[in-house]
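# Descriptive analysis of the structure
Below are the chains, spelled out letter by letter.
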Amino acid sequence: MAWILLIAAGLVEVAWAIGLKFTEGFTRLWPSVFTVAGFATSMVLLSLAAKSLPIGTAYGVWVGIGAAGAAVIGMLALGEPVTAARIFFVCLLLVAVVGLKATSGH
């Protein structure tokens, strides 16, 4: 169950990270409300997962999912540059996430 919570936390992190783009420095009300709510939800889910997973693993996986997801959505939907180097480094993030999961002992 902790891994499901952690993956959900990572996916919500992607949502709030992308939401930051639409808050325009927290000057737009509804994008700001949804972004802050997403951040809080992601933190709660991460904290619940960390009750039974090592914090280094939980935090690393959470950050990895968020960073990779935000980068991919940025490239696919927000017009950010798509280069071989960016794709390579997103793949490295995913390898690191899988590696943390595989070596966590859970």
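Residues numbered from 1 in each chain as written. Predicted model: local features only at pLDDT ≥ 70, side-chain atom pairs only at ≥ 80, totals over all residues. Heavy atoms only, no water.

Per an unreviewed UniProt entry, the chain carries the name Multidrug efflux SMR transporter and comes from Streptomyces axinellae. Looking at the chain in UniProt, the text filed under Sequence similarities (unreviewed entry) is "Belongs to the drug/metabolite transporter (DMT) superfamily. Small multidrug resistance (SMR) (TC 2.A.7.1) family." In UniProt, the chain has this text filed under Subcellular location (unreviewed entry): "Cell membrane". (UniProt positions renumbered as here; feature names shortened; annotations may be inferred.)

## What about the overall build of the chain?
For the chain, the helix and strand inventory stands at four helices and zero strands. When the helices and strands of the chain are read in sequence order from the N terminus, they spell out α-α-α-α. Overall size of the chain, expressed as C-alpha extent along the three principal axes, is 40 × 35 × 15 Å. Taken over 106 residues, the chain has a buried fraction of 35%. Relative to all contacts within the chain whose residues are 6 or more apart in sequence, the contacts with residues 24 or more apart total 67%. Of the roughly 6200 Å² of accessible surface on the chain, a fraction of 78% belongs to carbon and sulfur atoms. (Helix = DSSP H or I, 4+ residues; strand = E, 2+ residues; numbered from the N terminus. Buried < 20%, exposed > 50% of the residue type's maximum accessible area, 1.4 Å probe, protein only. Contact = heavy atoms within 4.5 Å. Areas by Shrake-Rupley, 256 points an atom, 1.4 Å probe, with all protein chains shown as cover.)

## Things to note about unusual backbone geometry
Phi at E24 takes a positive value of approximately 50°, unusual for a residue other than glycine. Tracing the chain through its elements places E24 in the loop between α1 (2-23) and α2 (29-49).

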